[in-house]
Every structure is written in structure tokens, then in C-alpha cells.
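Given next are the chains, with one letter for each unit.
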Amino acid sequence: MIRFFPKEISHRVVAIYVVVLLTVTALFLPHAMGPGYIAVGALSVAGFFYLSYLFSFRWKDLPKKVYLRYLIVWALSLRLACMTALYFFFLVNTGIPFEFETADALGYHLDAKWLASVSLETGFNYLFQTGMPISDTGYFLYLSLLYRIFGPNIFIARVIKCLLSTWTCVMIYHLASRTFGETSGRIAGIFCLLAPNLLYYCGLHLKETEMIFLIVAALEVADHTIRSEHRTFWKFLLLVVLATSLFLFRTVIGMAIALSVLLGLMLSSPRIMSINRKSLLIFMSVVVIATLSGGSIANEIQDTWENRVENQMQKRQMQTGKGNRWAKYATGAIMAPMMFVVPFPTMVDVDKQYNQQMLSGGNYVRNVLGIFVLIALFSEFFVRRNGRNGVLIYTFTVLYLGIVSLSGFSNSERFVLPALPFLLMLAAHGVTHLNELNYRWVKIWYWVVALMAIGWAIFKLGSRGIL
């Protein structure tokens with residue numbers, strides 16, 4: 001078993017990124033990214049892979065408490081540094097501490113600021129009696145509560161995002177350690193610590209950081225409850241609260257979490273099956289059925305499912321109307337097999353997609369780690385035949401990415417982000433299973449990743465008639 005991320009792979013994938021970036025820049029020089037975005041992408045890739053090797057190598061033999069201390073200190077420090085840098089970067093370049101072409105983020109801030117200034121009754125009526133989508137109410141409630149306590153201070157709200165994201169890294173370590181073992185857990189925690197996309201969202205006013213925290217917390221509590229021989233009512237109540245709250249952030253995520261927990265309970269090891277567990281399963285089933293039997297949540301889930309094809313067509317038509325002529329080919333059947341590796345890195349400057357350019361390196365990291373996710377899945381299901389052990393992780397990841405692939409947002413980085421911590425966990429487990437036999441697939445993947453990045457640049461330009 002490999003106990004750290006290999007240095008050789010770090011060198012190779014960073015070199016490939018540099019070569020691909022230079023190739024794309026040279027081929028499409030009139031549409032090259034600005035020097036700042038090139039630097040951010042290179043720093044994201046080099047920082048992730050070199051530090052993944054360095055940290056995983058140096059921390060592999062540390063006592064658990066020391067490892068956790070290092071994990072927390074580094075995770076919080078990096079997040080605070082990135083958040084602060086983004087705060088002033090946006091302030092200088094846009095005039096406000098919000099990203100380019102901001103829409104949802106500024107809306108969340110302004111609405112939460114107003115909600116914090118009115119009575120609780122007025123705020124409640126606005127959120128739940130004016131037809132607002134139920135999937136936005138959770139973040140408005142959370143943000144307006146922060147503003148009531150600290151005032152409408154954007155910086156403080158983002159500091160709390162950094163704290164929640166750091167806590168997410170710790171929970172990923174615990175969840176991965178129980179599921180795949182201590183070595184996989186430590187590498188997973190480090191991957192989560194360094195993931196460029198997770199760092200980036202700490203500097204935005206979007207709901208993804210809080211939503212990911214709740215997702216990981218719900219599955220971590222569920223996993224601990226399933227494996228524990230002593231289950232308390234309070235832990236189960238916490239699980240129900242966490243799972244239910246996710247319906248207020250994104251209804252399909254709440255549904256995916258509920259189904260994952262139910263399946264986890266039904267497929268858990270017969271050794272730990274008991275009367276208490278059966279009672280837990282029955283109670284959870286009643287809660288889910290009662291939740292979905294009527295009301296706004298049920299309506300949103302039904303609308304999402306019934307309109308999945310229409311939404312996909314509308315998104316493609318909108319993109320085509322903007323000049324993206326090839327967008328119509330990005331259907332669910334095409335995107336579904338690629339959901340473990342998308343989105344692809346944007347290495348060209350088109351349509352003022354500055355946020356996507358800033359995430360170029362982070363998306364490349366996801367593409368590279370895709371092969372380790374596949375190695376982990378193959379190892380667990382076909383070699384070790386131990387797929388039941390990680391059923392919570394597999395179920396949620398496949399369910400959620402499957403739903404997204406059928407929507408009009410299968411190539412949207414923001415919509416696939418909630419699955420990232422679990423893909424990082426699987427990638428970490430895949431790293432530990434590297435051997436001479438499967439490393440040949442990694443060597444092939446080097447070429448695949450390079451072709452995906454170059455192909456995506458051609459797709460973005462060609463679909464707009466620029467080539």
C-alpha cells in the first residue's frame with residue numbers, strides 16, 4: 001500500500017499542465033488568458049500536487065492528534081489567506097468584494113441584509129409565503145442570522161466560511177478513515193485541505209461552502225451512527241436535522257442524502273444489524289415519506305424531475321443563442337460517463353468567463369484525480385469486493401452526479417462542486433492502491449488529461465465560430 005502521494009506523479013502532472021497551457025496559449029494567442037489568470041492556474045496546480053506529496057509524506061507517521069492539529073492549522077491558514085486575497089482582488093477589479101459578473105452572490109447579500117433589518121415575522125413571510133424557491137431559504141436564513149449578530153459584514157461572513165471549510169476537511173478525514181483506513185483518510189484530508197476549488201469558494205458569497213459542510217456533516221454522522229454499537233437519540237436527531245436542512249439549500253441534494261442514508265442502513269453489515277437499527281430505518285423512512293408527501297419540497301423535487309429534459313434543452317438553446325453552437329451536443333447521455341472528471345479547465349479567454357479562468361487549475365486537478373477515483377472504484381468492487389463498506393459515499397456521489405448529468409448544468413463547475421469532497425476521498429483511496437499493474441492506466445491518463453484540456457479549448461472557441 002502506498003502511504004503518500006507519489007512525487008513522480010506530481011512532477012508529471014504539473015509539467016503536463018504547463019505544456020498544455022503553453023500549447024493552448026500559442027495556438028490561440030488572440031484569445032489567451034491574461035498573465036494573472038495563467039499565474040493563478042499554475043500556482044493552483046503546482047501548489048496542490050507538490051504540497052500533496054510533501055504533506056502526505058511528512059505527516060504519514062505523525063500521531064493522530066498531531067496530524068489533526070497540522071491539518072486544521074494549514075487548512076484554516078490557507079483559506080483565510082485565499083479569502084483575503086480574493087476579497088481585495090475583487091474589490092480592486094470590480095469595485096465591490098464580489099466576483100466578476102456577480103449575480104446570485106450579490107443577491108444573497110442584499111436580501112440577507114434586508115432580512116436582518118426587519119422583524120422575524122416579516123422575514124419568515126418573505127421567505128416562505130411569497131413563492132421563493134425552498135432551496136434558497138436555508139442560505140438566506142443562515143446569512144441573515146449572521147448579519148443580525150455581526151451586522152452586514154461581508155468579511156466576517158467569509159471568515160466563518162473559512163472555519164466551516166476547515167471543519168469539512170476534518171470530517172472528510174474521519175469519514176475516509178472509517179471507510180477506507182487511516183492512510184486513505186490522511187491523504188483525503190490533505191486533498192481537501194489543498195483543493196483549489198474549495199479554497200476559491202471561501203472567497204465568494206455563494207452558498208456552496210455551507211452546503212458542502214452540511215452534506216459532509218450529514219454523511220459523517222450517518223456513517224458514525226451506522227458503525228457505532230451505541231446509538232443515541234441525540235445523534236439520530238442531529239442526523240435528521242442535518243439531512244432536513246439540506247432541502248433548504250438544494251432539494252435534490254436533500255433527496256440524495258436521504259436516499260443514501262436509507263440505503264446505507266439497509267446494506268450495512270449484518271454483523272451490526274439490530275432491533276435499534278431496524279427502528280432507526282423505520283423512523284427515517286417515516287420522516288422522508290412525511291417530508292415528501294406534500295408541500296414546497298415535494299413540489300420542487302417533482303418539478304426538477306419532470307422538467308429535467310426541458311431544462312436541459314433550454315440551457316442548450318440559451319448557450320446556442322449566445323453563440324455556443326456546439327452546446328446542444330452536451331446532453332445527459334454524453335455527460336453522464338464524464339461526471340467523475342468534469343468540469344474541464346478553461347484555458348482561453350472567451351465571453352468574459354473570468355471566474356472559469358480563475359478555476360482553470362482547480363478543474364485540471366479534478367481531471368487528473370479522476371483516474372484515481374476509477375482505480376478506487378475498480379479496486380473496491382472488483383478486486384476487494386467490499387463496495388458495501390462505502391455505500392454512503394458511493395450512493396450520494398452517483399445519485400447527485402447522475403441527477404446533475406440529466407440537468408442543463410452538467411458542465412457547470414458550481415453544480416458539480418458538492419460531490420468534490422467525496423471524489424477527493426475516492427481519489428485518495430485510489431492512490432493507496434497504486435501498483436505496477438494499474439499504474440499503466442495512470443500513464444495513459446496523462447495523455448487523456450492533456451487531450452481533454454486542449455479539446456475543451458477547441459470546443460469553447462469552435463462552438464462560438466471563432467476558429
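Rules used in this analysis
- Residues numbered from 1 in each chain as written.
- Predicted model: local features only at pLDDT ≥ 70, side-chain atom pairs only at ≥ 80, totals over all residues.
- Heavy atoms only, no water.
- Patch = residues over 30% accessible without salt bridge, like charges linked within 9 Å, V, L, I, M, F, W, Y side chains within 5 Å.
- Areas by Shrake-Rupley, 256 points an atom, 1.4 Å probe, with all protein chains shown as cover.
- Salt bridge = Lys/Arg side-chain N within 4 Å of Asp/Glu carboxyl O.
- Helix = DSSP H or I, 4+ residues; strand = E, 2+ residues; numbered from the N terminus.
- Phe/Tyr/Trp six-rings, centres within 6.5 Å; stacked < 30°, edge-to-face > 60°.
- Buried < 20%, exposed > 50% of the residue type's maximum accessible area, 1.4 Å probe, protein only.
- Lys NZ or Arg CZ within 6 Å of the ring centre and 35° of its normal.
- Expected span 1.5 Å × (residues − 1).
- pLDDT = per-residue confidence, 0-100.
- Contact = heavy atoms within 4.5 Å.
- Axes fitted to C-alpha atoms, helices over the stretch in contact; angles between N-to-C directions.
- Nonpolar A, V, L, I, M, F, W, Y, C, P; charged D, E, K, R; others polar.

J.: Honestly, a nonpolar patch on the surface in this entry has me stumped. Any pointers?
T.: Taken together, the side chains of Phe-233, Trp-234, Leu-237 and Val-241 define a hydrophobic patch exposed on the protein surface, amounting to about 460 Å² of accessible area. Residue placement: Val-241 occurs in helix H11 (residues 233–246).

J.: Looking at this structure, I do not really get the packing of aromatic side chains. What am I missing?
T.: Describing an aromatic ring pair means giving the distance of the ring centres and the angle of the ring planes. Taken as a whole and assessed by the stated rule, the structure comprises 34 aromatic pairs. Seen from their ring centres, Phe-5 and Phe-191 are 5.8 Å apart, and the 75 degrees between their planes marks the pair as edge-to-face. Highlighted residues: Phe-5 in the segment before helix H1 (7–27) and Phe-191 in helix H8 (residues 182–194), separated in sequence by 186 residues. When sorted by exposure, Phe-5 lands in the same class as Phe-191, which is buried. Taken together, a centroid distance of 4.9 Å and an interplanar angle of 80 degrees make the contact between Tyr-108 and Tyr-139 edge-to-face. With Tyr-108 in helix H4 (residues 104–117) and Tyr-139 in helix H6 (residues 134–150), this pair connects stretches of sequence that are 31 residues apart. Overall, Tyr-108 belongs to the buried group, its relative accessible area being 5%. Lying across the ring of Phe-57, Lys-60 places its NZ or CZ 4.1 Å from the centre.

J.: Whenever I open this one, helix H10 (residues 208–227) confuses me. Can you help?
T.: Residues separated by three or four positions in an α-helix point in the same direction, a consequence of the helix having 3.6 residues per turn. Along its 20 residues, H10 runs 28 Å from first to last C-alpha, staying within 8% of the 28 Å computed at 1.5 Å per residue. For H10, a buried count of 18 out of 20 residues is recorded, marking the element as mostly surrounded by other parts of the structure.

J.: Please clarify how the confidence of the model for the protein should be interpreted in this entry.
T.: Low-confidence regions, as indicated by low pLDDT, have predicted coordinates that should not be scrutinised in detail. Per-residue confidence for the protein gives a mean pLDDT of 85, with 84% of residues at or over 70. Segment residues 290–302: pLDDT under 50, and 16 contacts once partners within four positions in sequence are set aside and those in other chains are kept. Residue range residues 304–323 is modelled with pLDDT below 50. Its contacts to residues more than four positions away, or to other chains, number 30 contacts.

J.: Where do I start with the packing of H11 against helix H12 (residues 251–267) in this structure?
T.: Following both chains from N to C, one finds H11 and H12 inclined at 145 degrees, their axes separated by 7 Å at the closest point. Between H11 and H12, the contacting residues are Leu-239, Ala-243 and Leu-246 on the first element and Thr-251, Ile-253, Gly-254, Ile-257 and Val-261 on the second. Split by residue class, the contact of H11 with H12 holds 6 nonpolar, 2 polar and no charged.

J.: Looking at this structure, how should I read helix H7 (residues 154–180)?
T.: Relative to the 39 Å expected for 27 residues at 1.5 Å per residue, H7 spans 38 Å between its end C-alpha atoms, a close match to the ideal helical length. Buried residues dominate H7, accounting for 20 of its 27 residues. Backbone geometry just after H7 places Gly-181 at a positive phi near 115 degrees.

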